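Observations on the three-dimensional arrangement
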Amino acid sequence: QVQLVESGGGLVQPGGSLRLSCAASGFTFRIYAMNWYRQALGKERELVASISTIGGNTNYSDSVKGRFTISRDNAKNTVDLQMNSLKPEDTAVYYCNAYRVVFTTSRHEYDYWGQGTQVTVSS
C-alpha cells in the first residue's frame, strides 16, 4: 500500500516558521524524486520545491527561494520542508509528491500524492 502522509501544518503569524514532514511507505522511496506542491484557495497547484533521489540537487520556486528548504532522509523514508519568514501569500494546502519515470520499451510513470496539510499565515 503506497502512502504519503504530511504533517506539521497549522496557523502561524507572518514572519514565523513551520516545518512540514512527509512520511512515505509502500514503495522504494530512495529511487523517487520528491516534491512539495501547494494550492492556495482559487489558485492552481504550483510546485514549491524538489529534491533528487539522494538529495544532491534541489530546486525552488522563485517565490520561496531563500526562505524554504527541502530535505530528505532515505533511511527514514521522509522528506521535510522547512519554511521560514512566512508570508500571508504562503497560505495554502501543501502536498507531498513522489515522482519517477522509467524508460524501457515504453515510458512508464509513477506519481504518488499525499492528502495535503493546511498552512495558514495570518495575524
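Up top is the structure.
A short tour of the structure in this document, coming up. Predicted model, so just to flag it, every value in this text is computed and none were measured.

The rules behind the values
- Residues numbered from 1 in each chain as written.
- Predicted model: local features only at pLDDT ≥ 70, side-chain atom pairs only at ≥ 80, totals over all residues.
- Heavy atoms only, no water.
- Salt bridge = Lys/Arg side-chain N within 4 Å of Asp/Glu carboxyl O.
- Helix = DSSP H or I, 4+ residues; strand = E, 2+ residues; numbered from the N terminus.
- Buried < 20%, exposed > 50% of the residue type's maximum accessible area, 1.4 Å probe, protein only.
- Pairing = 2+ DSSP bridges.
- Axes fitted to C-alpha atoms, helices over the stretch in contact; angles between N-to-C directions.
- Contact = heavy atoms within 4.5 Å.
- Disulfide = S-S within 2.5 Å.

One pass over the structure, following the stated rule, counts five salt bridges. As a salt-bridge pair, E46 and R38 come within 2.7 Å of each other at their nearest N and O atoms. A salt bridge links R67 to D90; the shortest N-O distance between them is 2.8 Å. Residue R67 is found in the loop between β6 (58–60) and β7 (68–73), and its partner D90 is found in the loop between β8 (78–83) and β9 (92–103); the two are separated by 23 residues along the sequence. Of the two residues examined, R67 and D90, each falls in the buried class. Ionic contacts of the salt-bridge type, sharing partners, join the residues R38, E46, R67 and D90 into one network.

The strand order across the open sheet formed by four strands is β1-β3-β8-β7, and the pairing between neighbours is antiparallel. With one partner strand each, in any of the chains shown, β1 (3–7) and β7 form the two edges of the open sheet. Looking at each pair of strands side by side, their axes are set apart by 15 degrees on average, direction ignored.

With that settled, consider unusual backbone geometry. Of note, N77 is a non-glycine position whose phi angle comes to about 55 degrees, a positive value. One non-glycine residue, S85, adopts positive backbone phi at about 50 degrees. By relative accessible area, which is 42% here, S85 ends up partly exposed.

Relative to the helices and strands, V2 resides in the segment before β1. Its relative accessible area of 35% is what places V2 among the partly exposed residues. Each C-alpha atom, one on V2 and one on W113, is 9.3 Å from the other, the two residues being 111 residues apart in sequence. If we skip the residues at most four places from it in the chain, V2 touches S25, G26, F27 and Y112.

This structure, assessed with the given rule, holds one disulfide. Each sulfur of the disulfide joining C22 and C96 lies 2.1 Å from the other. Measuring the twist about the S-S bond at about -80 degrees, one finds the C22-C96 disulfide to be left-handed. One end of the pair, C22, is in strand β3 (residues 18–25); the other, C96, is in strand β9, and 74 residues separate them in sequence.

The next subject is the pairing of strand β11 (residues 117–121). Residues T117, V119 and V121 line the buried face of β11, whereas the alternating positions Q118 and T120 sit on a face that is not buried. Pairing between strand β2 (residues 10–12) and β11: three bridges, direction parallel. Paired with V12 across the two strands is V121, which belongs to β11. Two elements, β9 and β11, share three bridges in a ladder whose sense is antiparallel. Looking at β11, one finds that V93 is bridged to Q118.

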